[in-house]
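The lines below spell out each chain.
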Amino acid sequence: MSTTSSTRYIAALGALTLLALCLRVIGLNTGLWWDEIFFLIVSVRHPLQQIVTVFPGDNQHPLYSVLAWMSVNAFGEHAWTLRLPAMLFGVASVPMLYLLGASVARRPEALLAAAFLTVSYHHVWFSQDARGYSALAFWTLAATWLLLRGLRTQTRGPWIGYGIVVALGVYTHLTMMFLVASHLLICIGVCFSAWKTDRSAKLWKYPLEGFLLAGLLTLIFYAPILTQIQTFFLHKPSSMKAVSTPRWALLETVRVLILGLGTQGVLVGAALVAACGAWSYFRQDRVVFALFALPVAITAMGALLARGTMYPRFYFFLIGFAILI
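Residues numbered from 1 in each chain as written. Predicted model: local features only at pLDDT ≥ 70, side-chain atom pairs only at ≥ 80, totals over all residues. Heavy atoms only, no water.

Peer 1: Account for the overall build of the protein chain, with residues named and values stated.
Peer 2: Within the protein chain one finds 16 helices and 0 strands. The C-alpha radius of gyration of the protein chain comes to 20 Å, within 12% of the 20 Å expected for a compact globule of 325 residues. Dimensions along the principal axes, computed over C-alpha positions, put the protein chain at roughly 55 × 45 × 40 Å. Here the protein chain holds 325 residues, and the buried ones make up 44% of them. Partitioning the intrachain contacts of the protein chain with sequence separation of at least 6 by distance along the chain shows that 76% fall at a separation of at least 24. Accessible surface, the protein chain: about 16,200 Å² in total, of which carbon and sulfur atoms supply 70%. Distance between charge centroids for the protein chain: 7 Å, based on 22 positive and 10 negative side chains. (Helix = DSSP H or I, 4+ residues; strand = E, 2+ residues; numbered from the N terminus. Rg over C-alpha atoms; globule rule 2.2 N^0.38 Å. Buried < 20%, exposed > 50% of the residue type's maximum accessible area, 1.4 Å probe, protein only. Contact = heavy atoms within 4.5 Å. Areas by Shrake-Rupley, 256 points an atom, 1.4 Å probe, with all protein chains shown as cover. Lys, Arg positive; Asp, Glu negative; His and termini not counted. Charge placed at Lys NZ, Arg CZ, Asp CG, Glu CD.)

See below:
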């Protein structure tokens, strides 16, 4: 691709990123909703030492709590300061999706995906929600891009980055572990396939370093609250188990998708396009297809096994994959 063409894509991506910022700033200071108020009271208003050493429940998003505490203490307690980290991660997800898209498809497709994310109703909403979901979506895109780069270049650098990004993602929200589990299975499959072809191949060496680094950093981050998390998930069953069932989650997902897309007809059309996109990725590159599809299944199984509940927001971190498909 020529330098002129590359410059045009960079300029277009810059314009989309600026538009994403504008769309996510508008209304950023509107009134807080219940979950945000609860988060502010039980987490952000406490000293930083308490935030990183006390686990009040699965409503806690540790890394986001730290970033929100920093924002509120720097600029004062306002709705916009509480939501500022979510907004910044939401904006950063646009160029990150382009980078991932350009590594699995053509640049025009990657740019179109970034454009869809820029104006996505659901992504704008979560970018203005004082929770860690937009950050989780960013870490997911970054981790997947680094994993692909690591497998393709067979160098250590991307895997070091992968370990750091994954640890930050898990520290943002524990559901990131479902993505990591899918990545681990995929890497085992890729390395085993390479080993069958060439018994002297050591494709597994750098991925192993990346996963070990991710595990070590995650343990360091969670060390102060590890026993509290274990007690919470093993001995405190969810009071919403009878309500937030898989059937309810599916119906609620359809409802909010219609809300974002406008009509049922658009949702049906989007589903047909998604089916074609999934088949296209499956034919072109099975590893990329697995990176997009496997996290969905593992997230569903993991959520049910962990607390037996299911919420549509559990899958928001996969929004970049959905748009690419």
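Peer 1: Any details on the nonpolar core? Residues and values, ideally.
Peer 2: General note: in soluble globular proteins, nonpolar side chains tend to be found buried as a group. Formed by 62 residues in total, the largest nonpolar core has its most connected members in Leu100, Val104, Trp139, Tyr162, Met176, Phe292 and Leu324. For this core, the leading source of residues is helix H8 (residues 133-153), giving 13 residues. For Tyr162, the residues in contact, after removing those within four places along its chain, are Ala143, Leu146, Leu147, Val180, His183, Gly210 and Phe211. With 9 residues, the next largest nonpolar core counts Leu40, Val44, Val72 and Leu82 among its residues. (Core = buried A, V, L, I, M, F, W, Y, C linked by side-chain atoms within 4.5 Å.)

Peer 1: With reference to specific residues and values, describe the environment of Ile323.
Peer 2: Residue position: Ile323 is located in helix H16 (residues 319-324). Those residues within four positions of Ile323 in sequence are excluded, and the remaining contacts are Leu97, Ala113, Phe116 and Leu117.

Peer 1: Give a description of H8 that names residues and reports values.
Peer 2: The end-to-end C-alpha separation of H8 is 30 Å, in line with the 30 Å expected for 21 residues at 1.5 Å each. For H8, the buried fraction is high: 17 of the 21 residues fall into the buried class. At the exit of H8 stands Gln154, carrying a positive phi of roughly 55 degrees. (Expected span 1.5 Å × (residues − 1).)

Peer 1: Can you break down the environment of Phe316 residue by residue, with the values?
Peer 2: You can see Phe316 is positioned in the loop between helix H15 (286-306) and H16. For Phe316, a relative accessible area of 7% corresponds to the buried category. The sequence separation of Phe316 and Ser134 amounts to 182 residues, and the corresponding C-alpha distance is 8.1 Å.

Peer 1: Any chance you could break down the pattern of salt bridges for me, citing the residues and the numbers?
Peer 2: All told, the structure shown has 4 salt bridges when counted by the stated rule. Of the charged contacts in the structure, one is a salt bridge between Arg83 and Glu36, with a shortest N-O distance of 2.8 Å. Residue Arg83 is located in helix H5 (residues 79-104), and its partner Glu36 is located in helix H2 (residues 34-44); the two are separated by 47 residues in the primary sequence. In this structure Arg83 comes out as buried when scored by relative accessible area, which is 3%. Among the ionic pairs, Arg106 bridges to Glu109, the shortest N-O distance being 3.2 Å. Among the residues examined, Glu109 registers a relative accessible area of 36% and is labelled partly exposed. (Salt bridge = Lys/Arg side-chain N within 4 Å of Asp/Glu carboxyl O.)

Peer 1: Hey, could you go over the packing of helix H9 (residues 156-172) against helix H11 (residues 205-222) for me, with residue numbers and the actual values?
Peer 2: Viewed as axis vectors pointing N to C, H9 and H11 meet at an angle of 30 degrees, and their least axial separation amounts to 8 Å. Taken together, the axes of H9 and H11 lie roughly parallel to each other. Between H9 and H11 the crossing geometry is right-handed. On H11, the residues touching Arg156, Trp159, Ile160, Tyr162, Gly163, Ile164, Val166, Ala167, Leu168, Val170 and Tyr171 of H9 are Lys205, Tyr206, Pro207, Glu209, Gly210, Phe211, Leu213, Ala214, Leu217, Thr218, Phe221 and Tyr222. Tallied by class, residues from the contact of H9 with H11 come to 17 nonpolar, 3 polar and 3 charged. (Axes fitted to C-alpha atoms, helices over the stretch in contact; angles between N-to-C directions. Parallel < 35°, antiparallel > 145°, perpendicular 65-115°, else oblique. Left-handed = near helix turned anticlockwise from the far one by under 90°. Nonpolar A, V, L, I, M, F, W, Y, C, P; charged D, E, K, R; others polar.)

Peer 1: Just give me the short version of the confidence of the model for the protein chain, but keep the residues and values in it.
Peer 2: Low pLDDT means the predicted coordinates in that region are not meant to be read closely. Averaged over all residues, the pLDDT of the protein chain equals 89, while 92% of them reach at least 70. Mean pLDDT values over the elements of the protein chain span from 74, in helix H13 (residues 246-261), up to 97, in H5. (pLDDT = per-residue confidence, 0-100.)

Peer 1: If you had to explain unusual backbone geometry to someone new, which residues and values would you point to?
Peer 2: Despite not being glycine, Gln154 has its phi angle at roughly 55 degrees, a positive value. Tracing the sequence through the fold places Gln154 in the loop between H8 and H9. Classification of Gln154 as exposed rests on a relative accessible area of 51%.

Peer 1: So what's going on with the state of the cysteines? Residues and values would help.
Peer 2: Inspection of every chain in the model, using the stated rule, returns 0 disulfides. As a non-bridged cysteine, Cys191 has Cys187 as the owner of its nearest cysteine sulfur, 6.0 Å distant. (Disulfide = S-S within 2.5 Å.)

Peer 1: Outline the side chain of Thr175, supporting the account with residue identities and numerical values.
Peer 2: With respect to the helices, strands and loops of the structure, Thr175 is situated in the loop between H9 and helix H10 (176-197). Within the local environment of Thr175, its side chain forms a polar contact with the side chain of His173, the two groups lying 2.8 Å apart. Ignoring any residue separated from it by four or fewer positions in sequence, one finds Thr175 in contact with Leu136 and Phe317. (Polar contact = N/O pair within 3.5 Å; in protein donor to acceptor, adjacent residues only side chain to side chain.)

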